[in-house]
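Residue-level structural notes
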Amino acid sequence: MRMGDIVAIIFGNTIGYRMKLLLKSQSSEQIWLHLVSLHRSGRSASPVAPLLRGPAEKYPVSSSSTGTGEYSWSTGDCGPRNRSRASPASSGGNSFSIALEQSSLKPLAAGTGSAYKCVEPAEYCATRGREGQGPPFPSGLERRGTRTAVAMERGAGERTGSALFAGFRALGLFSTDIPHVVRFSALKRRFYVTTCVGKSFHTYDVQKLSLVAVSNSLPQDICCMAADGRLVFAAYGNVFSAFARNKEVVHTFKGHKAEIHLLQPFGDHIISVDTDSVLIIWHIYLEEEYLQLTFDKSVFKISAILHPSTYLNKILLGSEQGSLQLWNVKSNKLLYTFQGWKMGVTALQQAPAVDVVAVGLMSGQVIIHNIKFDETLMKFHQDWGPITSISFRTDGHPIMAAGSPCGHIGLWDLEDKKLINQMRNAHSTAIAGLTFLHREPLLVTNGADNALRIWIFDGPTGEGRLLRFRMGHSAPLTKIRYYGQNGQQIISASQDGTLQSFSTIHEKFNKSLGHGLINKKRVKRKGLQNAMSVRLPPITKFAAEEARESDWDGIIACHQGKLSCSTWNYQRSTIGSYFLKPKELKKDDITATAVDITSCGNFAVIGLSSGTVDVYNMQSGIHRGSFGEDQAHKGSVRGVAVDGLNQLTITTGSEGLLKFWNFKNKILIHSMSLDSPPNMMLLHRDSGILGLALDDFTISVLDIETRKIVREFSGHQGQINDLAFSPDGRWLITASMDCSVRTWDLPSGCLIDSFLLDSAPLNVTMSPTGDFLATSHVDHLGIYLWSNISLYSVVSLRPLPTDYIPSVVMLPGTCQTQDVELSEETIEPSDEMIEYDSPEQLNEQLVTLSLLPESRWKNLLNLDVIKKKNKPKEPPKVPKSAPFFIPTVPGLVPRYAAPEQNNDPHQSKVVNLGILAQKSDFCLKLEEGLVNNKYEAALNLLKELGPSGIETELQSLSPDCGGSVEVMQSFLKMIEMMLDRKRDFELAQAYLALFLKLHLKMLPSEPVLLEEMTKLSSQVEENWIHLQSLFNQSICILNYIKSALL
């Protein structure tokens, strides 16, 4: 009998399995074999079964270990389909991935779905395969970096939204045209300012202007806001809600039929006014309507509302017709009507003096009026248009600030009744709201230019200077790209001419690189107040590299309609020292159309509309040569790219040619013609894969080493605006004017994800770490982040059919949308990712191991050694302590009694009961097994014990320790049962080895036990031969795959 230990460990889960085999022979030789499934949740792809990529389409196919699965393939689906009800791949059974070749796919008709074809030129296969260069895709594509699993058995029509990307949040949004709200917290003794951002609002601490809270999203965009000491009120449509703790909705008020545009807190009540001039007073905590007033819009259309100070139960209403009305809301009576000044009222503000209010008019006038005597105290006039907002200083200076639609703020002295200062261009758009903080020289302003600013008035002339601000882009974005390798910064360019950096971690890391100036030295020397005339046009394209950012400029940008390209320094957050342009070109109609910067950060490559491609040194700004004799292309340059080693430069032009140049000597290496003129080009430097978006709405993917087209995709119905590769180079993400974002899997050549947006995406970029996808959109000021679902969840990557119709996904807000609870009737069961409960044994012929940890059985043979090592050198000593009554020896002379000495220190205190010992539950179950031949109960008791308990139970089986020969025979029969069923294989081997170690001397003396051992020996030998053949086969397969890949 072979007395070796055979231990096999199989770990299974719902996705795949992992098998680790330990073979321990008499010579203590160990062989480890790991078989890890290719698609395992939360793990990288296994080297056992990599995706064998090539020009022909290759798909991973799961093969059932029981041989019951039946599969078929079709070019329409571009993937395997299981004809059976459930496959091992989808159910989590044992699977092994292989690769099958399939013929080239023919181009399909363009429709709402995807069309793709695979190109497999013979010379391409020979070049990549025979020269030992490996598969056509580099190692970045060989193993998926994202954690995904293939899920089958789901119809494409059941898919909703995107399977790969989920809306996370928006960056760079700080303010809209809704006036802000300032609140004072009596508990924390601080001021807080709340600004509206789309469907939610932000709350900032005025002291540092740090973001304190972001509210939950509302169903629609917020149209007006108000606040009291406890709650924040936000209206959307004809409904408004009350928020507690700046976050969650606690009250909702419904009753208006038109859009609400005014809110006014009123003690325990809130007043709301809609565009139909219907005024409703609500009780906040009861959510009940207290009073409703309806006004005729043609006579009195409410445009402003105010609760005058010290006027109990009274409100002042202003109208677009110019008149004002004072109402008592408790008695529902009109107290007085002010005739006005024949101009519409745009703003009402309480002055520091009682009975005095400021009235802003459409004509730009500000009227200081005493409402108690209906007397005008003073008038001011601004030539900048209607008054948008008014505020008064309360720190001892009689100053009034008035906002205008052109972004200017006028500061008026109420004592001298004159204009003392102008804050021009405080915002680039209309002043939405301005508020002086109570008893502080601070002014808070916001506008539709996506900016929130705090001004401090500490100068001798009374003018305000900018103290703190939160600012985003004030115009739609033109270009966004991730900066650096940590994926924490996104650089964005906008039509407002600024270049900014937004952090995905925290807003405090945001920074603005500012506006580009044509001549910064001239502006500083002459001190031009209006620098708009010398600002550079908006940036259309830019390239950034952080390699030498601390030494010199690392960003190169081309501007709209400009020949010269500007350099920027990210570390100093300013425009650089050079404007790169060829000196010999003096035509005004030539512009820069494409830029790129080398991975080392030393050189910039610029393509012009004339077809010229130049190289410049980033450190010195010196021109270092041009590609081609006169020009690189006959048409406009659409894209330039340099590989990671500065060996190859790729350029493409509007004439439809793609050219490869030697970067060092500027010599043309290769030129190829494209089917259609390219729109843009993107190179994934790590893998050497080049993506081309063509004017016919198709995408071509090239390998720059072989200079061959390896993939072609079609399906977009509009111009392709941008491309992005995943960090591992496996996915190509495209954004188009048809409002769709599509994800293409390059190894399989299939469309795996597609979703529509309500606004066309202009830019798309993938984080270097693969956790987020960032997009920008038409007429939107923010950057929208989409989380990569495959990093934290199991997703389906089955190819989408050609008739797949994507669904519309809403853009994420500044916070995640609240989960909507669905009733049980509306929840439809989905079988995309059905949780699979693996049985204890997949098949009777499979050797199955237990799920017990190794500590339960691995060290059973070495327990004596472990106990010897853990045994203390000497027993613990009881500390000597004197008793309360010291014992004495009786006699005439008092003497203390000496303690008794133990004459035999080695005598054990444990009594060996022998045959008198009580039988354990395990022994009783074994005796029952001899009668009914059922040993599951005894085995379960043994599984629950630890190593020491197992040794004690097996030792008690001998007759010397209270057992019997019949019980030992029953134990051997239990081992035979375990080997017959091929379950708990490692436990059977471990228990048998310990049993032989403990009772090896008495086994030959008992004929009954010797007969059982003979049967058991042949059974173990038979199982070993079967396992050995499987091990040899697996080792051969692994050696073949290893040698084939090398």
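Remember, predicted model here, so these are calculated numbers, not experimental data.

Basis of the calculations
- Residue numbers run consecutively from 1 along every chain, following the written order of its sequence.
- For this predicted model, a pLDDT threshold of at least 70 governs which residues receive local features, and a threshold of 80 or more governs which side-chain atom pairs are given and counted, while totals over whole chains, interfaces and linings are taken from all residues.
- Side-chain metrics in this entry use all non-hydrogen atoms of the structure; hydrogen atoms and water are not considered.
- Only DSSP runs of H or I covering at least 4 residues are called helices, and only runs of E covering at least 2 are called strands; the numbering of each starts at the N terminus.
- Throughout this description, buried means an accessible area under 20% of the type-specific maximum (1.4 Å probe, protein chains only), exposed means over 50%, and partly exposed covers the range between.
- The Shrake-Rupley method, run with a 1.4 Å probe, gives the accessible areas here. Residue values count only the displayed protein chains as cover.
- The pairing criterion is simple: DSSP has to find at least two bridges between the two strands.
- Axes here mean lines fitted to C-alpha atoms, for a helix over just the part in contact, with angles spanning 0 to 180 degrees between N-to-C directions.
- A score between 0 and 100, pLDDT records how confident the predictor is in each residue.
- Contacts are assigned to residue pairs that have any heavy atoms within 4.5 Å of one another.
- One side-chain nitrogen of Lys or Arg within 4 Å of one carboxyl oxygen of Asp or Glu is enough to make a salt bridge.
- In the analysis that follows, any N or O atom pair within 3.5 Å is treated as a polar contact, provided that within protein one partner can donate a hydrogen and the other can accept it, and provided that, for residues neighboring in sequence, both atoms belong to side chains.
- Pairing of aromatic rings covers Phe, Tyr and Trp, the last through its six-membered ring, and needs centres within 6.5 Å; plane angles under 30 degrees mean stacked, over 60 mean edge-to-face, and all others mean tilted.
- Note on criteria: charge over ring means Lys NZ or Arg CZ within 6 Å of the ring centre, with the direction from the centre no more than 35 degrees off the ring normal.
- Should an angle fall under 35 degrees it is called roughly parallel, over 145 degrees roughly antiparallel, and 65 to 115 degrees roughly perpendicular, with every other angle called oblique.
- Two helices that cross are described as forming a left-handed crossing if the nearer one is turned anticlockwise from the farther one by less than a right angle, and a right-handed crossing if clockwise.
- Given the number of residues in a helix, its expected span is that number minus one, multiplied by 1.5 Å.
- We call a set of buried residues a nonpolar core when its members are Ala, Val, Leu, Ile, Met, Phe, Trp, Tyr or Cys and they connect through side-chain atoms within 4.5 Å of each other.
- When the sulfur atoms of two cysteines come within 2.5 Å, that pair is taken as a disulfide.

Moving on to the overall build of the protein chain. Looking only at helices and strands, one finds eleven helices and 67 strands in the protein chain. For the protein chain, buried positions account for 51% of its 1046 residues. Of the roughly 50500 Å² of accessible surface on the protein chain, 52% is carried by carbon and sulfur atoms.

The next point concerns the pairing of strand 35 (residues 442-447). Of all the six residues making up strand 35, six are buried; the element is thus mostly covered by neighbouring parts of the structure. Looking at chain direction, strand 34 (residues 431-436) and strand 35 are connected through five bridges and run antiparallel. Among the inter-strand pairings, Phe436 is bridged to a residue of strand 35, identified as Leu443. Joining the antiparallel neighbours strand 34 and strand 35 is a turn of five residues, in which Arg439 adopts a positive phi near 60 degrees. Inspection of the sheet shows strand 35 paired to strand 36 (residues 451-456) by six bridges, in the antiparallel sense. From the neighbouring strand, Gly447 faces strand 36, where its bridge partner is Ala451.

Attention now moves to the sheet that holds strand 15 (residues 231-236). Spatially, four strands are ordered 14-15-16-17 in an open sheet, and the strand pairing comes out antiparallel. Taken across any chain shown, the strands that pair with only one partner, and hence form the sheet edges, are strand 14 (224-227) and strand 17 (248-254). Geometrically, the sheet is characterised by an average inter-axis angle of 20 degrees between neighbouring strands, direction not taken into account. Pairing between strand 15 and strand 16 (residues 239-244): six bridges, direction antiparallel.

To continue, consider the confidence of the model for the protein chain. Residue-level pLDDT values for the protein chain average 80, and 78% of them are 70 or greater. Within the model, the stretch residues 1-158 combines pLDDT values under 50 with 349 contacts to residues more than four positions away or in other chains.

Among the structural elements, Val250 can be located in strand 17. Taking C-alpha positions, Val250 is 9.1 Å from Leu231, a pair spaced 19 residues apart along the chain. Apart from residues no more than four positions distant in its own chain, Val250 is found in contact with Leu231, Ala242, Phe243, Ala244 and Glu287.

Scanning the model with the defined rule gives 21 salt bridges in all. Its salt-bridge partner being Lys973, residue Glu1012 comes within 3.2 Å of it at the nearest N-O pair. With Glu1012 in helix 11 (residues 1007-1045) and Lys973 in helix 9 (residues 965-981), this residue pair connects regions lying 39 residues apart in the sequence. Its relative accessible area of 3% is what places Glu1012 among the buried residues. Each of Glu545, Asp596 and Arg685 takes part in salt bridges that share partners, so that together they form one network.

Moving on, we get to the sheet that holds strand 62 (residues 761-766). Taking strand neighbours across the sheet as the criterion, the four strands line up as 9-64-63-62 in an open arrangement whose pairing is antiparallel. At either margin of the open sheet sits one strand with a lone partner, and together these are strand 9 (165-171) and strand 62. The average undirected angle you get between the axes of adjacent strands in this sheet is 25 degrees.

Our next topic: the side chain of Ser726. Mapped onto the elements of the fold, Ser726 is located in the loop between strand 58 (720-725) and strand 59 (731-736). A distance of 2.7 Å separates polar atoms of two side chains, one belonging to Ser726 and the other to Asp728.

Bringing the packing of aromatic side chains into the picture now. Aromatic rings in a pair are described by how distant their centres are and how their planes are angled relative to each other. Under the definition given, this model contains 17 aromatic pairs. Judged by centre distance (4.8 Å) and plane angle (70 degrees), the ring pair of Tyr336 and Phe338 falls under edge-to-face. Clustering of aromatic rings is evident, with ring pairs tying together Phe240, Phe253 and Trp282. Against the face of Phe663 rests Lys666, its NZ or CZ located 5.6 Å from the ring centre. For the cation-ring pair, Arg707 lies above Phe660, with the distance from its terminal atom to the ring centre recorded as 5.9 Å.

Next up on the list: the packing of helix 8 (residues 947-955) against helix 10 (residues 985-999). The N-to-C vectors of helix 8 and helix 10 enclose an angle of 50 degrees; their axes lie 10 Å apart at closest approach. Classified by the interaxial angle, the pair formed by helix 8 and helix 10 is oblique. For helix 8 against helix 10, the interelement crossing comes out right-handed. The residues of helix 10 that touch helix 8, namely those facing Ile950, Glu951, Leu954 and Gln955, are Tyr991, Leu994, Phe995, Leu998 and His999.

On to helix 10, then. For helix 10, spanning 15 residues, the distance from its first C-alpha to its last is 21 Å, which sits close to the expected 21 Å at 1.5 Å a residue. Judged by how many residues are buried, helix 10 sits mostly within the fold: 13 of 15 residues are covered.

Moving on: the nonpolar core. Within soluble globular proteins, side chains that are nonpolar tend to cluster in buried spots. Within the largest apolar cluster, 42 residues are counted, with the highest numbers of intra-cluster contacts made by Leu926, Leu957, Phe971, Met974, Ile975 and Tyr991. Those elements giving two or more residues to this core turn out to be helix 6 (921-932), helix 7 (936-943), helix 8, helix 9, helix 10 and helix 11. Looking at which element gives the most residues to this core, the answer is helix 9, with ten residues. Sequence-distant contacts of Ile975, that is, excluding residues within four places in its chain, are made with Ala988, Tyr991, Leu992 and Leu1016. One finds Val741, Ile752, Tyr784 and Val809 within the second-largest nonpolar core, a separate group that totals 23 residues.

Across all of its chains, the model carries zero disulfides by this definition. Not part of a disulfide, Cys224 finds its nearest cysteine sulfur in Cys223, a span of 4.6 Å. The exposure class of Cys224 is buried, given its relative accessible area of 6%. Counting only cysteine sulfurs, Cys565 is the nearest neighbor of Cys558, a cysteine outside any disulfide, at a range of 5.1 Å.

Unusually for a residue other than glycine, Thr310 sits at a positive phi of about 70 degrees. Positive phi values are uncommon outside glycine, yet Asp374 reaches one of about 55 degrees. Of note, Asp374 is situated in the loop between strand 28 (365-370) and strand 29 (375-381).

Taking 1.5 Å per residue, 17 residues should reach 24 Å; helix 9 reaches 25 Å between its end C-alpha atoms and fits that length. The element helix 9 is extensively covered by neighbouring structure, given that 13 of its 17 residues are classed as buried. A positive phi of about 55 degrees marks Lys982, the residue just after helix 9.

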